Amino acid sequence: MPFYQQINVDDATSIYVWKISETFDDLFQSVSLKDVSLARLEGMKSESHQKGFMAVRMLLQHNGYTDFDLYYDEFGKPHLKDGVNISISHSFDFSVIVLSDKNVGIDLELRRDLVKKIAYKFAEEEFVYESQHNSEEFVRKLTVIWGVKEAVFKVRNEVGISFKDHIFVRPFEIKDEKTTALLDFNAVKREFLVYFTEIEKYTLVWLWEKES
Ligand SMILES: CC(C)(COP(=O)(O)OP(=O)(O)OC[C@H]1O[C@@H](n2cnc3c(N)ncnc32)[C@H](O)[C@@H]1OP(=O)(O)O)[C@@H](O)C(=O)NCCC(=O)NCCS
């Protein structure tokens with residue numbers, strides 16, 4: 001299945017989801033890539049990553065853009081030439097982009113038990129969910145927390161931000177599909193409005209900075 005879903009967040013913010021069922025060749029024939037992107041594609045080790053990269057270009061084309069409208073800054077953050085904000089994520093079978101008038105960060109993660117093993121790397125304060133450690137609910141919540149931290153990083157990609165020490169996700173319930181988060185870094189505190197939903201076995205998170 002190609003184009004999978006559009007989520008209209010507000011008047012000027014939409015999320016576009018691509019479910020990758022095409023072969024490498026199908027995608028390669030459908031996207032036009034500039035030389036620098038071709039070189040990146042060739043350098044990728046896994047076909048899954050290559051397909052995710054090309055599916056992002058399919059989503060750009062779906063919105064009237066091409067790879068030629070996209071560029072990356074020195075931190076790896078993507079930008080569109082016309083000034084519309086973009087954030088990108090891909091994970092196995094899905095690629096997502098968000099287009100907005102705001103600086104939105106997006107992240108898609110496959111829900112896996114593995115997240116419990118690596119949680120100590122990115123979470124601490126959030127272990128308020130301790131009583132649920134053996135439940136599926138715990139994996140779902142940890143995946144949200146992980147996604148929030150990746151997405152905050154995409155909004156404010158400042159050198160030195162630690163997921164564990166500087167980004168804090170406030171307690172939430174999965175059914176709420178929203179929460180808030182705090183980035184406390186270099187003596188500056190920034191609040192984020194966080195939204196999330198589950199798509200098949202994946203968790204999708206998007207967020208932006210709250211206006212002060
Ligand atoms: C950059 C980072 C946020 C990407 O997240 P990810 O979950 O690995 O991968 P995703 O597929 O969700 O996102 C990749 C996309 O993020 C975007 N991206 C990369 N660097 C970025 C940056 N500095 N700012 C904003 N967006 C960025 C790119 O568009 C990239 O896709 P593309 O190169 O194919 O266009 C992540 O790898 C990272 O470096 N995190 C910070 C390091 C860290 O503290 N990790 C701790 C893990 S416990």
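Structure shown above.
Rules and cut-offs
- Residues numbered from 1 in each chain as written.
- Predicted model: local features only at pLDDT ≥ 70, side-chain atom pairs only at ≥ 80, totals over all residues.
- Heavy atoms only, no water.
- Helix = DSSP H or I, 4+ residues; strand = E, 2+ residues; numbered from the N terminus.
- Rg over C-alpha atoms; globule rule 2.2 N^0.38 Å.
- Buried < 20%, exposed > 50% of the residue type's maximum accessible area, 1.4 Å probe, protein only.
- Contact = heavy atoms within 4.5 Å.
- Areas by Shrake-Rupley, 256 points an atom, 1.4 Å probe, with all protein chains shown as cover.
- Lys, Arg positive; Asp, Glu negative; His and termini not counted.
- Charge placed at Lys NZ, Arg CZ, Asp CG, Glu CD.
- Pairing = 2+ DSSP bridges.
- Axes fitted to C-alpha atoms, helices over the stretch in contact; angles between N-to-C directions.
- Salt bridge = Lys/Arg side-chain N within 4 Å of Asp/Glu carboxyl O.

Peer 1: Mind showing me how you'd approach the overall build of the protein chain here?
Peer 2: Assigned secondary structure in the protein chain consists of six helices and 11 strands. Scaling as 2.2 N^0.38, a compact globule of 212 residues should have a C-alpha radius of gyration of about 17 Å, and the protein chain matches this with 17 Å. The principal-axis extent of the C-alpha atoms belonging to the protein chain is close to 50 × 35 × 35 Å. For the protein chain, the residues scored as buried account for 47% of the 212 residues in total. Long-range contacts, defined here as pairs at least 24 residues apart, represent 51% of the contacts in the protein chain between residues at least 6 apart. For the protein chain, the exposed area adds up to about 10,800 Å²; of that, 49% sits on carbon and sulfur atoms. Of the charged side chains in the protein chain, 27 are positive and 36 negative; the average position of the first set lies 3 Å away from that of the second.

Peer 1: What am I meant to see in the sheet that holds strand 6 (residues 94-100) here?
Peer 2: The strands making up a sheet associate through hydrogen bonds between their backbones, and the pairing can be parallel or antiparallel. Taking strand neighbours across the sheet as the criterion, the four strands line up as 1-2-6-5 in an open arrangement whose pairing is antiparallel. Each of the sheet's edge strands pairs with one partner strand only, and the pair in question is strand 1 (3-10) and strand 5 (85-91). This sheet shows a mean twist of 15° between the axes of neighbouring strands, independent of strand direction. For strand 5 and strand 6, the ladder comprises seven bridges, and the chain directions are antiparallel. By the bridge assignment for strand 6, Ser 87 is matched with Val 98.

Peer 1: Just checking my understanding: could you explain the sheet that holds strand 7 (residues 105-110) for this structure?
Peer 2: The five strands are arranged 7-11-10-9-8 in an open sheet whose pairing can be described as antiparallel. Looking at which strands have only one partner, the edges of the open sheet turn out to be strand 7 and strand 8 (167-169). Averaged over all adjacent pairs, the angle separating strand axes in this sheet is 25°, with direction ignored. Inspection of the sheet shows strand 7 paired to strand 11 (residues 202-209) by six bridges, in the antiparallel sense. The residue of strand 11 that forms the bridge with Ile 106 is Trp 206. Helix 5 (residues 136-155) rests against strand 7, strand 8, strand 9 (178-185), strand 10 (188-199) and strand 11 of the sheet, and its axis sits at about 145° to strand 7.

Peer 1: Sorry if this is basic, but what is going on with the pattern of salt bridges here?
Peer 2: Evaluation of the coordinates by the stated rule reveals 16 salt bridges. Of the charged contacts, one joins Glu 209 and Arg 156 as a salt bridge, the two residues approaching to 3.3 Å between their closest N and O atoms. Of the two residues, Glu 209 is situated in strand 11 and Arg 156 in the loop between helix 5 and helix 6 (163-166); the sequence distance between them amounts to 53 residues. The class for Glu 209 is partly exposed, based on a relative accessible area of 26%. Here the residues in one salt-bridge network are Arg 111, Glu 137, Arg 140 and Glu 198, joined through shared partners.

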